[in-house]
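Structural overview for review
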Amino acid sequence: MNLVTLDDIDAAARRIAPDIVRTPLLAARWSEADRPLWLKPENLQPIGAFKIRGAFNALGRLAPEVRAAGVVAYSSGNHAQAVAYAAAAFGVTAHIVMPEETPAVKVQATRGHGAQVVLCGAGERESVAAELVERTGGVLVPPFDHPDVIAGQGTIGLEIAQDLPEVATVLIPISGGGLASGVGTAIRALCPRAKIFGVEPELAADTAESLAAGHLVEWPVAQRNRTIADGLRATPSELTFAHLQRVLDGVIAVSEGEIRSAVRELACKAHLVAEPSGAVALAGYRTAATPPGPTVAIVSGGNIALPLLAEILAEGQ
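An unreviewed UniProt entry lists the protein chain under the name threonine ammonia-lyase, from Mycolicibacterium peregrinum. What UniProt states about the protein chain under its Sequence similarities (unreviewed entry) heading is, verbatim, "Belongs to the serine/threonine dehydratase family." If you open the UniProt record of the protein chain and go to Cofactor (unreviewed entry), you find "pyridoxal 5'-phosphate".

1. Topic: the sheet that holds strand β5 (residues 116-120)
Spatial strand order, β5-β4-β3-β6: four strands in an open sheet with parallel pairing. Sheet topology places β5 and β6 (139-140) at the edges, where each strand pairs with a single neighbour. Running at roughly 170° to strand β4 (residues 94-99), helix α4 (residues 78-90) makes contact with β3 (71-74) and β4 of the sheet.

2. Remarks on the UniProt feature "domain: Tryptophan synthase beta chain-like PALP" (unreviewed entry) in the protein chain
Taking the numbering used here, the UniProt-annotated feature "domain: Tryptophan synthase beta chain-like PALP" (unreviewed entry) corresponds to residues 17-301. Taken end to end, residues 17-301 comprises 45% helix and 16% strand; its first and last C-alpha atoms sit 19 Å apart.

3. Examining the nonpolar core
The biggest cluster of nonpolar side chains holds 30 residues, and the ones touching the most others in it are L37, L39, L171, I252, V254 and L266. When near neighbours in sequence (up to four residues on either side) are disregarded, L171 contacts F197, V199, I252, A281, G284, Y285, T290, T295, V296, A297 and I298. Formed by 27 residues, the second largest nonpolar core is a distinct cluster that contains L62, A82, V107 and V141.

4. A few points about the pairing of β5
Across five bridges, β4 lies against β5 in parallel orientation. Of the residues in β5, the one forming a bridge with M98 is L119. Once you follow β4 into helix α5 (residues 104-112) and on to β5, the crossover reads as right-handed.

5. Focus: helix α8 (residues 178-190)
The terminal C-alpha atoms of α8 lie 19 Å apart, and with 13 residues this matches the ideal 18 Å at 1.5 Å per residue to within 8%. Extensive coverage of α8 is indicated by the burial of ten of its 13 residues. For α8, the set of buried residues is G178, L179, A180, S181, G182, V183, G184, T185, A186 and I187. Packed against the buried residues of α8 are α1 (6-16), α7 (147-163), β7 (169-173), β8 (195-201), α11 (238-247) and β10 (295-299).

The rules behind the values
- Residues numbered from 1 in each chain as written.
- Predicted model: local features only at pLDDT ≥ 70, side-chain atom pairs only at ≥ 80, totals over all residues.
- Heavy atoms only, no water.
- UniProt positions renumbered as here; feature names shortened; annotations may be inferred.
- Pairing = 2+ DSSP bridges.
- Helix = DSSP H or I, 4+ residues; strand = E, 2+ residues; numbered from the N terminus.
- Contact = heavy atoms within 4.5 Å.
- Axes fitted to C-alpha atoms, helices over the stretch in contact; angles between N-to-C directions.
- Core = buried A, V, L, I, M, F, W, Y, C linked by side-chain atoms within 4.5 Å.
- Buried < 20%, exposed > 50% of the residue type's maximum accessible area, 1.4 Å probe, protein only.
- Right-handed = clockwise from strand over helix to strand, strands pointing away.
- Expected span 1.5 Å × (residues − 1).

Put into structure tokens, the structure is as follows:
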């Protein structure tokens, strides 16, 4: 199996630079003295999440005649918006398959970028997407199970290494594993002494179980769907799992209450709007005894429905 390399990520960074925001590292002045924290706010991307990086790299790598036939993607939300946004930028059609339980704010945003959205039942998105590929002749851009997508997400790791070369710990939200695979590959190459931890909800902690077992352990969809972190309900692929085995030092599982608390902390102290999936890295920082030294938590997305945000904020009053 060919794994993504630092050269792949370097090339992706050059390819996508005109289309993405190079997000800063924001110092969390209220963090612990022995673990000074920086936030990497990918919620500031044009579509509100890191997924734009992988989408632009994947579409940019397609031959023009292949891309012209259109693209197909499946996603619980942020990858859907990213592919729709990138497809519009390239002037090609996009058909996006989204589960029926996807928050309406993400479905509406995807349609707003001009994509044709097809809703499906739980656990059906891959098969429905395959049918669309057959019917439309478009090319599939998966949410994480592709080297070009992984390399695009890995550009976050390049930026962290450039802005904080002395980083001791990097905390990365984990679901399908594309983000952690890419970022982990870059950090391993450029900051080899840093520790890299994935963070996932306790209610969807299949990655932790898989790494402990040494092979993929897939949890039922209904079990993973219990978590409020709707962007972290996927399970790793063989490709991403191979990367995760190589780059991760461990996985931190966080509770639903800890995730909600992290959403509030980001809003009230960092003035950042984060969806539950985007707040898990901060939850991991708060709940796990990670090594001392400079720490980066990736805020992976901010696409949260306003009623849910209001509900979570009210819990802290």
